[in-house]
Amino acid sequence: MGAVMGTFSSLQTKQRRPSKDIAWWYYQYQRDKIEDELEMTMVCHRPEGLEQLEAQTNFTKRELQVLYRGFKNECPSGVVNEETFKQIYAQFFPHGGESDLDLEKDPARPSLSDASTYAHYLFHAFDTTQTGSVKFEDFVTALSILLRGTVHEKLRWTFNLYDINKDGYINKEEMVDIVKAIYDMMGKYTYPVLKEDTPKQHVDVFFQKMDKNKDGIVTLDEFLESCQEDDNIMRSLQLFQNVM
């Protein structure tokens with residue numbers, strides 16, 4: 001685009017002949033192309049072909065291009081480790097539920113949220129191969145499910161998030177850990193103010209509802225059935241349906 005605008009500008013100011021403008025534009029195009037190729041050689045990981053990702057996800061080729069450009073801007077190496085993932089994710093919760101009015105009254109007030117624990121669990125849900133890093137393919141596959149997947153796909157992905165030790169079940173301790181991490185992420189200035197034992201109280205209610213056979217663990221089938229019986233959960237699954 002810069003090359004095209006540069007050519008247009010030169011036509012107005014220097015009145016070059018068309019043949020020279022075309023030659024200059026072609027030179028700029030080739031130079032940009034070479035720079036892009038050199039940049040790609042420096043990237044540690046190249047994603048799968050866009051056609052393959054288009055077939056595997058619910059995104060169009062154009063959407064994948066936009067997503068990849070944003071991913072590469074944040075992660076030039078082509079992969080993201082947990083620490084970088086936490087830093088990026090924390091940007092979405094800089095004030096932890098504090099209102100603009102609160103911040104105006106006391107701009108120096110430190111953030112009272114902590115997204116790092118939830119980001120830790122989220123990272124490991126994205127890192128399906130447990131390699132300690134998330135590639136663009138991992139990122140876009142998860143995003144496709146969360147934004148445009150079926151109800152069952154979204155619930156399966158959520159079950160995997162709560163199944164911290166990946167044993168195929170969710171126990172009460174795992175659910176408490178995730179719910180507490182969510183409360184920590186949202187901060188201490190939620191209204192009404194939450195008590196310290198609020199996460200455990202909520203989990204006790206959820207777990208009692210989900211653990212159908214009262215064996216102390218929640219299976220995938222129990223999780224799917226319970227979530228689909230809960231109108232609030234079903235509505236929440238639709239929130240990001242049309243984000244992109």
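In case you missed it, the structure is sitting above this.
Let's talk about the packing of aromatic side chains
- Throughout the structure, instances matching the rule amount to ten aromatic pairs.
- Aromatic side chains Phe126 and Phe139 sit 6.3 Å apart centroid to centroid with 20° between the ring planes, which places their arrangement in the stacked category. Here Phe139 lies in helix α8 (residues 136-148) and Phe126 lies in helix α7 (residues 116-126), a separation of 13 residues in the sequence.
- By relative accessible area, which is 7% here, Phe126 ends up buried.

Comments concerning the pattern of salt bridges
- By the definition in use, this model includes nine salt bridges.
- In this structure, Lys172 engages Asp204 in a salt bridge whose closest nitrogen and oxygen atoms are separated by 3.4 Å. Here the residue Lys172 occupies a position in helix α10 (residues 172-186), and Asp204 occupies one in helix α11 (residues 198-210), the gap between them amounting to 32 residues.
- Judged by its relative accessible area of 26%, Asp204 is partly exposed.

Details of the side chain of Asp211
- As for its position among the elements, Asp211 is in the loop between α11 and β4 (217-218).
- For the buried residue Asp211, which engages in no salt bridge, the nearest side chain bearing the opposite charge is Lys214, 5.9 Å off.
- Polar side-chain contacts of Asp211 include one of 3.2 Å to the backbone nitrogen of Asp215.
- At 2.9 Å, the side chain of Asp211 forms a polar contact with the backbone nitrogen of Gly216.

Some details on helix α5 (residues 82-90)
- Among the residues of α5, Glu82, Phe85 and Tyr89 are the ones counted as buried. The buried residues of α5 all sit within an arc of 55° when viewed along its axis, so they share a single face.
- In this structure, the buried side of α5 is in contact with β1 (79-81), α7 and α10.
- One side-chain oxygen at the N-terminal end of α5 lies 3.3 Å from the backbone nitrogen of Glu83; it belongs to Asn81.

Cut-offs and rules
- Residues numbered from 1 in each chain as written.
- Predicted model: local features only at pLDDT ≥ 70, side-chain atom pairs only at ≥ 80, totals over all residues.
- Heavy atoms only, no water.
- Phe/Tyr/Trp six-rings, centres within 6.5 Å; stacked < 30°, edge-to-face > 60°.
- Helix = DSSP H or I, 4+ residues; strand = E, 2+ residues; numbered from the N terminus.
- Buried < 20%, exposed > 50% of the residue type's maximum accessible area, 1.4 Å probe, protein only.
- Salt bridge = Lys/Arg side-chain N within 4 Å of Asp/Glu carboxyl O.
- Lys, Arg positive; Asp, Glu negative; His and termini not counted.
- Polar contact = N/O pair within 3.5 Å; in protein donor to acceptor, adjacent residues only side chain to side chain.
- Arc of directions from axis to C-beta.
- Contact = heavy atoms within 4.5 Å.

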